[in-house]
Amino acid sequence: MSYAEEIERVAEECRRRSALLLDEFEEINRRTADTSRALAETSAAEMREYWAEHAEEIEKARAEAEEQERLATEAREQREAIARSMAARRANRDVAPIDDEDEEAAFYQRKSWLI
C-alpha cells in the first residue's frame, strides 16, 4: 500500500467521523431546543397558575405598599412644612439694630418678645 492511498484512507475516515460528530451535534441541539421549549411552556404554565392562586395576596401586598408609600410621603411633606414654618418664624423673630449707636438696640436684641 502506498503512502498516498494510506493518507486518502485516513482522510476519508476523518471525514466520516466528522460527519458523524456533526450529525450527533445537530441531534443534541435539536433535543436541547425541544427540552428548552418544553421547560419554557411548563414554567409559563406554572407561573400563570401561581399568579392565579396568589393573586389576592399579591394585590393585597401591593395595596399595602402603596398605602405605606402614601403615608411616608404625607409624613415627609408635613416635616418639610414644619421645617419651613420654623425657619420663617426664626427669620422674623430676630431684628437687628440699624447701627451700634442705636439707643433701643437692647430692646431689639432681647431673647424673648413676650412682655
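Conventions we followed
- Residues numbered from 1 in each chain as written.
- Predicted model: local features only at pLDDT ≥ 70, side-chain atom pairs only at ≥ 80, totals over all residues.
- Heavy atoms only, no water.
- Helix = DSSP H or I, 4+ residues; strand = E, 2+ residues; numbered from the N terminus.
- Buried < 20%, exposed > 50% of the residue type's maximum accessible area, 1.4 Å probe, protein only.
- Areas by Shrake-Rupley, 256 points an atom, 1.4 Å probe, with all protein chains shown as cover.
- Salt bridge = Lys/Arg side-chain N within 4 Å of Asp/Glu carboxyl O.

Q: Talk me through the overall build of the chain; I want residue IDs and the actual numbers.
A: Within the chain, the regular secondary structure consists of 2 helices and 0 strands. Counting only residues that meet the buried cut, the chain has 1% of its 115 residues in that class. Put simply, the chain shows about 10800 Å² of open surface, and 56% of that area lies on carbon and sulfur atoms.

Q: Go over the pattern of salt bridges with me, naming the residues and quoting the values.
A: Once the charged atoms of two side chains with opposite charge are near each other, the side chains can pair. Under the defined criterion, the tally for this structure stands at 12 salt bridges. Across the salt bridge formed by R17 and E13, the nearest N and O atoms sit 3.0 Å from each other. Here E13 and R17 lie together in helix α1 (residues 3-93), a separation of 4 residues that amounts to about one turn. For R17, a relative accessible area of 51% puts it in the exposed group. Since its relative accessible area comes to 25%, E13 is described here as partly exposed. The residue D34 makes a salt bridge to R37 at a minimum N-O spacing of 3.0 Å. Of this pair, D34 and R37 both sit in helix α1, 3 residues apart, roughly one helical turn. A residue is classified by how much of its surface remains accessible, and D34, at 40% relative accessible area, is partly exposed. By relative accessible area, R37 is classed as partly exposed at 47%.

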